[in-house]
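# Coordinate analysis (summary)
Here is what each chain is made of, one letter per residue.
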Amino acid sequence: MSEEPMVEEFDTVASWTADAVEELGQDHALPAACRGSGSPAALRWLADRMGLAPGMRLLDSGAGVGGPARLVQETHGVQPTLVDPMEGACRAAERLFGFRALVGDGAALPVGSGEHDAGWSLGVLCTVEDKAAQVAELRRVVAGGGAVGLLVFVRTVEELTDPPEGNHFVTADELDGLLRGAGLDVVDRAWLGDFDDPPQDWQDAADAVDDVVRREHGDSDSFQEAQRNQDRMIRLLRDGSVAGRLVVCRVPGDDVGRDT
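A short tour of the structure in this document, coming up. (Residues numbered from 1 in each chain as written. Predicted model: local features only at pLDDT ≥ 70, side-chain atom pairs only at ≥ 80, totals over all residues. Heavy atoms only, no water.)

## Digging into the overall build of the protein chain
- Summing up its helical and strand segments, the protein chain has nine helices and seven strands in all.
- The C-alpha atoms of the protein chain give 17 Å as radius of gyration, which agrees with the globular expectation for 260 residues (18 Å, within 12%).
- Considering only C-alpha atoms, the protein chain reaches an extent of 55 × 40 × 35 Å along its principal axes.
- For the protein chain, the proportion of its 260 residues judged to be buried stands at 53%.
- Taking the contacts inside the protein chain whose residues are at least 6 apart along the sequence as the reference set, 80% of them involve residues at least 24 apart.
- When the accessible surface of the protein chain is totalled, it reaches about 11,700 Å², and 44% of it is carbon and sulfur.
- Distance between charge centroids for the protein chain: 4 Å, based on 23 positive and 47 negative side chains. (Helix = DSSP H or I, 4+ residues; strand = E, 2+ residues; numbered from the N terminus. Rg over C-alpha atoms; globule rule 2.2 N^0.38 Å. Buried < 20%, exposed > 50% of the residue type's maximum accessible area, 1.4 Å probe, protein only. Contact = heavy atoms within 4.5 Å. Areas by Shrake-Rupley, 256 points an atom, 1.4 Å probe, with all protein chains shown as cover. Lys, Arg positive; Asp, Glu negative; His and termini not counted. Charge placed at Lys NZ, Arg CZ, Asp CG, Glu CD.)

In structure tokens:
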């Protein structure tokens, strides 16, 4: 499968999103930047179960344009470090929220071992083939006793019809096995569908950003390629062939709680 739709969706569209927010206003930034990463209610559940607290250092692997990192910075007082392989996404995170995101592969994170109190990766594992390497890196950079949180879109059927290009879906059981194989203790799980949808004003703001991007770039090949991939994903989520799985893990070792 070609990786070009992934580049368009997560790199090119990221800069267009930042442009649209500059036109519409900063109150549109967070809703637009969290699209595809779960509802605010789901993200807060994940942060609470991970035990995120003021001053804790959170590594966000595959951070995109930084929406979830900003949300938990505001709600839980964490100090996020953003890493994403797409330069356009990193630049957009800085434009939208002032984050200095690091360009890097989730399978080789550009940070030291045990330097963070917690780590998460949201909606990323389905976009990579070597999932074990991504999970192993999250375990490496989180100190003993720290939490690792994941949002993973998993396959609920034997075979998918017309999946998004560049995506590779595991089942929920395969995901649990992958985490255990990495030496992580699974302590909590939930389904994304268990949580309330975003508030209407949140959804309206995200839709307004999408409308501006479509108005400015809807005729471009890049937009249409990204849109086709998004439409495939939306269809699979709606028919239940793919579902969002939230998982909270603990890195074995000493309890987190040292000075930050």
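## A look at the nonpolar core
- Counting residues in hydrophobic clusters, the biggest one holds 56 residues, and the most contacted among them are L46, M50, L52, L58, L96 and L246.
- Those residues within four positions of L46 in sequence are excluded, and the remaining contacts are W120, L122, G149, L150, L246, V247 and V248.
- Core analysis: the second largest hydrophobic core is formed by 24 residues, V128, V141, V170 and L175 among them. (Core = buried A, V, L, I, M, F, W, Y, C linked by side-chain atoms within 4.5 Å.)

## Quick notes on the side chain of R155
- Inspection of the secondary structure puts R155 in strand β5 (residues 142-155).
- What makes R155 buried here is its relative accessible area of 16%.
- Of note is the side chain of R155, whose polar atom sits 2.9 Å from the backbone oxygen of V157.
- Contacts of R155, omitting those with residues within four sequence positions, involve L160, F169, V170, T171, A172, E174 and S241. (Polar contact = N/O pair within 3.5 Å; in protein donor to acceptor, adjacent residues only side chain to side chain.)

## Brief notes about the packing of helix α3 (residues 40-50) against helix α4 (residues 67-76)
- Following both chains from N to C, one finds α3 and α4 inclined at 65 degrees, their axes separated by 11 Å at the closest point. Here α3 runs over α4; the crossing is right-handed. Here P40, L43, R44, A47 and D48 of α3 lie close against α4, whose contacting residues are P68, L71, V72, T75 and H76.
- The class makeup of the residues in the contact of α3 with α4 is six nonpolar, two polar and two charged. (Axes fitted to C-alpha atoms, helices over the stretch in contact; angles between N-to-C directions. Left-handed = near helix turned anticlockwise from the far one by under 90°. Nonpolar A, V, L, I, M, F, W, Y, C, P; charged D, E, K, R; others polar.)

## Some thoughts on the pairing of strand β2 (residues 79-84)
- Sheet topology places strand β1 (residues 57-61) next to β2; five bridges connect them, and they run parallel. Within the sheet, the bridge partner assigned to L58 lies in β2 and is P80.
- Note on the crossover from β1 through α4 to β2: the handedness is right-handed.
- For the crossover that starts at β2, traverses helix α5 (residues 87-97) and ends in the parallel strand β3 (residues 102-103), the hand is right-handed. (Pairing = 2+ DSSP bridges. Right-handed = clockwise from strand over helix to strand, strands pointing away.)

## Some details on helix α6 (residues 131-141)
- Taken together, the buried positions of α6 are K131, A133, Q134, V135, E137, L138 and V141.
- If you follow the buried residues of α6, they end up packed against β1, β4 (116-122), β5 and α7 (172-181).

## As for the pattern of salt bridges
- Counted by the stated rule, this structure contains 16 salt bridges.
- Linking R57 and D117 is a salt bridge whose minimum nitrogen-to-oxygen distance equals 3.2 Å. With R57 in strand β1 and D117 in strand β4, this residue pair connects regions lying 60 residues apart in the sequence.
- We classify R57 as partly exposed; its relative accessible area is 24%.
- For R155, the salt bridge identified is with E174, shortest N-O distance 3.6 Å. One end of the pair, R155, is in strand β5; the other, E174, is in helix α7, and 19 residues separate them in sequence.
- One network of salt bridges, with partners in common, ties together D19, E22 and R95. (Salt bridge = Lys/Arg side-chain N within 4 Å of Asp/Glu carboxyl O.)

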